[in-house]
Amino acid sequence: MSRPRSTSLGGPIAARQRRAPQVPLSQVRMHDLLSPTQPERPRPGRTVRLPAELLDQVKQVADRYGTSKTEALIALINEGLAAAKRRS
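Computed from a prediction, not measured in an experiment: that's the story for all the values here.

What counts and what doesn't
For every chain, the first residue of the written sequence is number 1, and numbering continues from 1 along that sequence. In keeping with the predicted nature of the model, local features appear solely for residues at pLDDT of at least 70, side-chain atom pairs appear and are counted solely at 80 or more, and the whole-chain, interface and lining totals rest on all residues. Excluded from the side-chain calculations are hydrogens and water; all other atoms, namely the structure's heavy atoms, are used. Secondary structure elements follow DSSP: runs of H or I no shorter than four residues count as helices, runs of E no shorter than two count as strands, and numbering proceeds from the N terminus. The buried label goes to any residue with under 20% of its type's maximum accessible area, the exposed label to any with over 50%, and the partly exposed label to all in between, with areas taken from a 1.4 Å probe on protein chains only. Contacts: residue pairs with any heavy atoms within 4.5 Å of one another. We call a set of buried residues a nonpolar core when its members are Ala, Val, Leu, Ile, Met, Phe, Trp, Tyr or Cys and they connect through side-chain atoms within 4.5 Å of each other. Working rule for helices: expected span equals 1.5 Å times residues minus one. In this context, the arc is that of the directions from the helix axis out to the C-beta atoms. We call two N or O atoms a polar contact when they sit within 3.5 Å, provided that within protein one can donate a hydrogen and the other can accept it, with sequence-adjacent residues counted only if both atoms are side-chain atoms. Salt bridges, as used here, are contacts in which a Lys or Arg side-chain nitrogen is within 4 Å of a carboxyl oxygen on Asp or Glu. A fitted line through C-alpha atoms serves as each axis, taken over the contacting stretch for helices, and the angle formed by two N-to-C directions is quoted from 0 to 180°. In this scheme, roughly parallel covers angles under 35 degrees and roughly antiparallel covers those over 145, while 65 to 115 is roughly perpendicular and the rest are oblique. By the convention adopted, Pro, Cys, Tyr, Trp, Phe, Met, Ile, Leu, Val and Ala count as nonpolar, Lys, Arg, Asp and Glu as charged, and the other residues, Gly among them, as polar.

### Some words on the overall build of the chain
- Helix and strand counts for the chain come out as 2 helices and 0 strands.
- A total of 88 residues make up the chain; the buried ones form 24% of that total.
- Partitioning the intrachain contacts of the chain with sequence separation of at least 6 by distance along the chain shows that 49% fall at a separation of at least 24.

Right under this line is the structure:
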């Protein structure tokens, strides 16, 4: 039987319904985060250091769309890259 995950303070972490996009993360856009639920798949991770203020804004977006901070950040980056490409 598995134990519930806990915070650094020892309390349990509430499980959150997660909605994964149906497209590869390299192509995910904000509207993809509104799509139906998909099973989670493993993917390689990268470490990125962000200012706390920016991370707070990414968390707000993730909470609004009901997704992870990672998926929200990747979608925001992809949207920004697409906008930059259109301008050049």
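The rest of the description comes next.
### Observations regarding the nonpolar core
- Leu25, Val28, Met30, Leu33, Val58, Val61, Ala62, Tyr65, Ala72 and Ala75 together form the largest nonpolar core, which totals 10 residues.
- The set of elements that each furnish at least two residues to this core consists of helix 1 (52–65) and helix 2 (69–87).
- For this core, the element with the most residues is helix 1, which contributes 4 residues.

### Quick notes on helix 2
- Compared with the 27 Å implied by 1.5 Å per residue over 19 residues, the 27 Å span of helix 2 between its first and last C-alpha is a close match.
- By the burial criterion, the buried members of helix 2 are Glu71, Ala72, Ala75, Asn78, Ala82 and Ala83. Looking straight down helix 2, one finds its buried side chains confined to an arc of 135°; they lie on one side. Within helix 2, the exposed residues directed more than 90 degrees away from the buried face are Leu81 and Arg87.
- Those residues of helix 2 that are buried lie in contact with helix 1.

### Looking at the side chain of Glu71
- You can see Glu71 is positioned in helix 2.
- The class for Glu71 is buried, based on a relative accessible area of 0%.
- At a separation of 2.4 Å, a polar atom in the side chain of Glu71 contacts the side chain of Thr67.

### Points about the pattern of salt bridges
- In the structure shown here, the tally under the stated rule is 1 salt bridge.
- Residues Lys59 and Asp63 are paired through a salt bridge, measuring 3.0 Å at the closest nitrogen-oxygen approach. Separated by 4 residues within a single helix, Lys59 and Asp63 lie in helix 1, roughly one turn from each other.
- Exposure remark for Asp63: the relative accessible area of 42% places this residue in the partly exposed category.

### Looking at the packing of helix 1 against helix 2
- Contact pair helix 1 / helix 2: the axes reach a minimum separation of 8 Å and the direction vectors enclose 105°. In terms of orientation, helix 1 lies roughly perpendicular with respect to helix 2. Contacts between helix 1 and helix 2 involve Leu55, Val58, Lys59, Val61 and Ala62 from the first element and Lys69, Ala72, Leu73 and Leu76 from the second.
- Of the residues assigned to the contact of helix 1 with helix 2, the class counts are 7 nonpolar, no polar and 2 charged.

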